[in-house]
Amino acid sequence: MQPKIMMRKKSISASKASLVLFLCQMISALDVPLDSKLLEELSQPPTITQQSPKDYIVDPRENIVIQCEAKGKPPPSFSWTRNGTHFDIDKDAQVTMKPNSGTLVINIMNGGKAEAYEGVYQCTARNERGAAISNNIVIRPSRSPLWTKERLEPNHVREGDSLVLHCRPPVGLPPPIIFWMDNAFQRLPQSERVSQGLNGDLYFSNVQPEDTREDYICYARFNHTQTIQQKQPISVKVYSMDSLNDTIAANLSDTDIYGAKPVTERQPVLLTPTGSTSTKVELRGNVLLLECIAAGVPTPVIRWIKEGGELPANRTFFENFEKTLKIIDVSEADSGNYKCIARNILGSAHHVISVTVKAAPYWITAPRNLVLSPGEDGTLICRANGNPKPNISWLANGVPIAIAPEDPSRKVDGDTIIFSHVQERSSAVYQCNASNEYGYLLANAFVNVLAEPPRILTTANKLYQVIADSPALLDCAYFGSPKPEIEWFKGVKGSILRGNEYIFHDNGTLEIPVAQKDSTGTYTCVARNELGKIQNEVHLEVKDATMIIKQPEYKVIQRYGQVSFECIIKHDSTLLPTIIWLKDNDALPDDERFLVGKDNLTIMNVTDKDDGTYTCIVNTTLDSVSASAVLTVVAAPPTPAIIYARPNPPFDLELTGQLERSVELSWIPGDENNSPITNFVIEYEDGLHEPGVWHYQTEVPGTQTTVQLKLSPYVNYSFRVIAVNEIGRSQPSEPSEQYLTKSANPDENPSNVQGIGSEPDNLVITWESLKGFQSNGPGLQYKVSWRQKDVDDEWTSVIVANVSKYIVSGTPTFVPYEIKVQALNDLGYAPEPSEVIGHSGEDLPMVAPGNVQVHVINSTLAKVHWDPVPLKTVRGHLQGYKVYYWKVQSLSRRSRRHVEKKILTFRGNKTFGMLPGLEPYSSYKLNVRVVNGKGEGPASPDKIFKTPEGVPSSPSFLKITNPTLDSLTLEWGSPTHPNGVLISYILKFQPINNTHELGPLVEIRIPANESSMILKNLNYSTRYKFYFNAQTSVGSGSQITEEAVTIMDEAGILRPAVGAGKAMASRQVDIATQGWFIGLMCAVALLILILLIVCFIRRNKGGKYPVKEKEDAHADPEIQPMKEDDGTFGEYSDTEDHKPLKKGSRTPSDRTVKKEDSDDSLVDYGEGVNGQFNEDGSFIGQYSGKKEKEPAEGNESSEAPSPVNAMNSFV
């Protein structure tokens, strides 16, 4: 506890001495410098600096340490009371007090019992100036008792029932932390269905078969003693309908009705708290925890509301799957009725908790230490609040003030003690006690009356050194009681210093704003009060500024040449300068080619990498200057050429015709270096406000060497000139002599004045401060004025230091203000400033948009409307509205998913918006919130809307398996996004011939509950293309396509996979392009041609020619006779077994070959070869008839026309 001290006058800046005593924290009527030697000498009443907490729970296994530390001058002595009576530690061998301290150590580890030292302790620290007391410290040893033995029966529960596993931990001090684990010391998983209550019990909203286990173990962790106690394991057995049916079904026939039934759905019932209402009392500043846990199937969802109000923003949190409402830092405004609502699809249940917030005492104004001089007045104020309102009582040096020794300078007036004309004997420590039934506050505040002659704390004969034309600050830290007056003199017999040339600070410091050479000398500081006088001398030396009189110049050097930069300086003879060279603002390369001399830098054998900027920096203990030059490395020219360079800097600058606001500057131009000077740039330096910084002033044509310059008041001007030609800018000239203009009122006011609140109850006024030369004189300040707009009110004004911000507190929320900021200095005010309009701070909007309506346009788009909120409830700049919307569930699947909220922002006062990208046939929720610069307002009640059905997505897959001669098996998956209720599937298919021409399209409608079918009556060895899509009442969705081929023959052929079928079908379609097939067809055509020629010759002879006999007599065994029954040509056959040749045969999709048929038979090429004969038996037919297929062969082949037919046409 570290009390603060009231102050009566303006504080002063601290000296640099270290802090060693508590007085360093005082803010007093007297300014006490933080000087260690001074603080050690001043008397001070005791102050409690450290003490144990009010409620002190100790570990019974360790020594008890009760802290009480205090400071004072002289050092205080300590005493203790226990349970209201004096505690004589000398009579108890187990109790000791630390040296130079009031801290008690009670030895428990050597036989003491912690329980024997339970009680209420209070420490008193006392010296000759008063007595301070500590809080009442209640000592209690911690306790971590074991669980009582109990018989735990197994819990047999039916699936879907609720269950509560009671923990009932032992009562400990402090209360234990409860958690549930299993035998493997793994925490039991918790969810919306299973969770731990605030009392430690484990609640099941509904049990499921996976909840069956025998190791539900409740653990109690006692943090104070670092121990964990374990309850005996609890067994839970859940019986599901499936397991009951399995048991019964073993003894019953298949016709019995004990089939699996779903768990019965149940509406919510609250497990805790019970009843419809309950009450809760919480203390201000604490955390309010309210809990509701419900049973039901499906698991209920918990929602919290506050009747007649909103849950506090930024302080409300939901825990334990929203079963626990947590409000931090509660206040009286949080009192009220809180309702929890448990809801599932069958209904809801609710409970109302009436919350009352009380308050232990809390400080409004705590008493603060008071340091006075004899004869001064002062007050101690002790103000506290609470619920109920606390009682305020005063003590003096630990004794009730009513029975304390009288002090004529003291008067008690309720919560205030008034001191009048105090004397040294009035020093004391006062205690303020504020208490009600929920607690108390105790504060010590001392009154210390000091009578001290003046003391000067600054070291005698201290030497100060500054550069000419810069400020000089001479310290004179002092102390005395009463506060001394400070005067400054120059020289031993000089007169008192006064006037605008000096600034006198409250802490005794003398400031010379622009020190000149004649400011050098001895200065005397004198401090005096009614108790004495003291003086101290300090010395000031003003040094000449360091200057670079010969700066490095821009150089253009040929590669492999040598270059040198000069840096000649002028400095005060008493200062030792150091010169550093940099390249491109970094140290010089570690290269022996770089030679650094006393006043130059030389680079030997220059290369391209030496190109860059070289800087000379001159440092002394008081100042620093620098100059730079650029080195450009070029290739050696083949012939000498004119060198064009930047001009040399102007020189011999002169000021004439000095006036208050103008001066004439003249100069002599430097060498043009073969490029005419186009213009001169004039820059100035303000040595008073920004020494070393050069600013642009003006520029004149290159033919002009004089200029009339406009000046500002209170600026110490120096000028320099830069020449410019086509090559570049010259180095700046040497600065001109300095010219200090006289002070004047400011000419202008701050710019960019704004008023924007950072909190709901303030107005932050900001502006851009004037630059140093704009101040026009010393003592620049700002007059800040404001008043509420459109209210008949006077201006409120305050004068602030040279800052750029002022905060107005206690403003109404978001109201317009008229604001103006006026500059002033020691000579007067700037012109009247213009007014600007600002606003106090914004707060979160108060109300939600009303009358939220949703118009569903189509299955993926909806339009939302809302009524705008009243502007006065926005409490800020209206930025727009935010629409939160999210999908609750798909109406086709009835399954919930992770809620992903989407947000659309509509700028301005817009009252409608479109919601794109919705999913068809789904249930959505949305709410609308108004947005201002502070944030979002409360959400409107959730609005539920549903999107209509749409067309479905394509089926998830289509597989074609089990190909046979005339059938294929189709399997498919339902659409990933049904977007409605599926009513059917549409299957379309058509054959594809060898030229990829499509045959007739067949359409089949399939019921929506089917996932496969066998498609029969197809052509064998035929490719089909399938188109498959799903259909809702809205229409058909996108289709999925697939191709497959029926096989040639089922005998001995393995059923291939769909992919293999496609590959083989592709090879069959391209068989006519194979070389071996073309060769075979040519051989067949040649044989037919020979046969036709023979027949033609026979016919011309007029005789009958039996073809069969002729062919039987043919010498070629490869040629077989025509069949007698149908007159067709025989097939090519093997000479051994007369079976069809494999060569050229069609292969099925599994690459196997049948031996019974040959695909190269002429009858398989679409055109028949049924021969016709004359009466004499000679062949007269043409190869034009079509062979009829057997019924088992299926439909006609879709193969391309045979090459044999082409040959027939040729013949």
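Scroll up a little and you will see the structure.
Residues numbered from 1 in each chain as written. Predicted model: local features only at pLDDT ≥ 70, side-chain atom pairs only at ≥ 80, totals over all residues. Heavy atoms only, no water.

A. Geometry of the overall build of the protein chain. If you tally the helices and strands in the protein chain, you get seven helices and 85 strands. Looking at the 1211 residues of the protein chain, the share that counts as buried comes to 44%. Intrachain contacts of the protein chain at a sequence separation of at least 6 include 64% that bridge at least 24 residues. As presented, the protein chain carries roughly 62,900 Å² of accessible surface, and 50% of it is formed by carbon and sulfur atoms. (Helix = DSSP H or I, 4+ residues; strand = E, 2+ residues; numbered from the N terminus. Buried < 20%, exposed > 50% of the residue type's maximum accessible area, 1.4 Å probe, protein only. Contact = heavy atoms within 4.5 Å. Areas by Shrake-Rupley, 256 points an atom, 1.4 Å probe, with all protein chains shown as cover.)

B. Seen up close, the pattern of salt bridges. For the coordinates displayed, the defined rule picks out 39 salt bridges. In this structure, Asp747 engages Arg661 in a salt bridge whose closest nitrogen and oxygen atoms are separated by 3.4 Å. Of the two residues, Asp747 sits in the loop between β63 (739-740) and β64 (751-756) while Arg661 sits in the loop between β57 (651-656) and β58 (662-668), which places them 86 residues apart along the sequence. Residue class for Asp747 comes out partly exposed when judged on its relative accessible area of 44%. Using a relative accessible area of 38% as the deciding quantity, one classes Arg661 as partly exposed. Note that Lys820 is salt-bridged to Glu832, the shortest N-O span being 2.8 Å. In this pair, Lys820 is assigned in strand β69 (residues 816-825) and Glu832 in the loop between β70 (828-829) and β71 (836-839), connecting sequence segments 12 residues apart. Salt bridges here are not isolated pairs; linked through shared partners, they connect Arg158, Asp161 and Arg266. (Salt bridge = Lys/Arg side-chain N within 4 Å of Asp/Glu carboxyl O.)

C. Focus on the environment of Lys326. Within the secondary structure, Lys326 sits in strand β26 (residues 324-327). Separated by 38 residues in sequence, Lys326 and Leu288 have C-alpha atoms that sit 5.6 Å apart. Residues within four places of Lys326 in sequence aside, it is in contact with Val287, Leu288, Leu289, Arg315, Thr316, Phe317 and Glu319. In this structure the side chain of Lys326 is engaged in a polar contact, spanning 3.3 Å, whose partner is the side chain of Glu319. (Polar contact = N/O pair within 3.5 Å; in protein donor to acceptor, adjacent residues only side chain to side chain.)

D. Here's a closer look at the sheet that holds strand β59 (residues 679-686). Strand order in the open sheet formed by four strands is β60-β59-β62-β63, and the pairing between neighbours is antiparallel. Single-partner strands in this sheet number two, and they are β60 (690-701) and β63. Where β59 lies against β60, eight bridges are found, and the strand directions are antiparallel. By the bridge assignment for β60, Asp686 is matched with Glu690. (Pairing = 2+ DSSP bridges.)

E. Broad picture of the packing of aromatic side chains. A full pass over the atoms with the stated rule returns 20 aromatic pairs. Ring centres of Phe565 and Tyr614 lie 5.4 Å apart, and the angle between their planes is 25°; this geometry places the pair in the stacked category. Linking Phe565 in strand β49 (residues 563-566) with Tyr614 in strand β55 (residues 612-619), this pair joins segments that are 49 residues apart in sequence. Between Tyr717 and Phe719, the ring centres sit 5.4 Å apart and the planes meet at 5°, which makes this aromatic pair stacked. Taking the relative accessible area as the measure of exposure, Tyr717 reaches 2% and is therefore buried. (Phe/Tyr/Trp six-rings, centres within 6.5 Å; stacked < 30°, edge-to-face > 60°.)

F. Structural view of the sheet that holds strand β82 (residues 1002-1007). Spatially, four strands are ordered β82-β81-β84-β85 in an open sheet, and the strand pairing comes out antiparallel. Edge positions in the sheet fall to β82 and β85 (1040-1045), since each of these pairs with one other strand and no more. Sheet twist, expressed as the mean angle between neighbouring strand axes with direction ignored, is 25°. (Axes fitted to C-alpha atoms, helices over the stretch in contact; angles between N-to-C directions.)

G. Summary view of the environment of Leu659. Here Leu659 shows up in the loop between β57 and β58. Linking Leu659 and Lys742, residues 83 residues apart in sequence, is a C-alpha distance of 9.6 Å. Ignoring any residue separated from it by four or fewer positions in sequence, one finds Leu659 in contact with Leu711 and Tyr739.

H. A look at the nonpolar core. Counting 30 residues, the largest nonpolar core has Ile64, Ile66, Trp80, Ile106, Tyr121 and Ile139 as its most contacted members. Elements with a contribution of two residues or more to this core: β2 (55-58), β3 (64-66), β4 (68-73), β5 (77-82), β8 (104-106), β9 (119-127) and β11 (137-141). It is β9 that provides the largest number of residues to this core, a total of three residues. With near-sequence residues (within four places) excluded, Ile66 lies in contact with Ser52, Tyr56, Trp80, Gly102, Thr103, Leu104, Ile106, Tyr121, Ile137 and Ile139. (Core = buried A, V, L, I, M, F, W, Y, C linked by side-chain atoms within 4.5 Å.)

I. Seen up close, the state of the cysteines. Using the criterion set out here, one finds six disulfides in the structure. Between the sulfur atoms of Cys476 and its disulfide partner Cys525 the distance amounts to 1.8 Å. An S-S torsion of about -60° defines the bridge between Cys476 and Cys525 as left-handed. On the criterion of sequence distance, the pair formed by Cys476 in the loop between β40 (472-474) and β41 (478-481) and Cys525 in strand β45 (residues 521-529) is long-range, its members being 49 residues apart. Across the protein chain, the disulfide pattern expressed with sequentially numbered bonded cysteines is 1-2, 3-4, 5-6, 7-8, 9-10, 11-12. (Disulfide = S-S within 2.5 Å.)

J. Summary view of helix α5 (residues 1075-1100). Between its first and last C-alpha atoms α5 spans 38 Å; for 26 residues at 1.5 Å apiece the expected length is 38 Å, and the two agree. Among the residues making up α5, those that are buried are Phe1077, Leu1080, Met1081, Val1084, Ala1085, Ile1088, Leu1092 and Cys1095. (Expected span 1.5 Å × (residues − 1).)

K. Focus on unusual backbone geometry. Residue Pro174 follows Leu173 across a cis peptide bond; omega there is -5°. On the secondary structure map, Pro174 appears in the loop between β13 (163-165) and β14 (177-181). The peptide bond linking Thr272 to Pro273 adopts the cis configuration, its omega dihedral lying at -5°. Mapped onto the secondary structure, Pro273 falls in the loop between β20 (266-272) and β21 (277-283).

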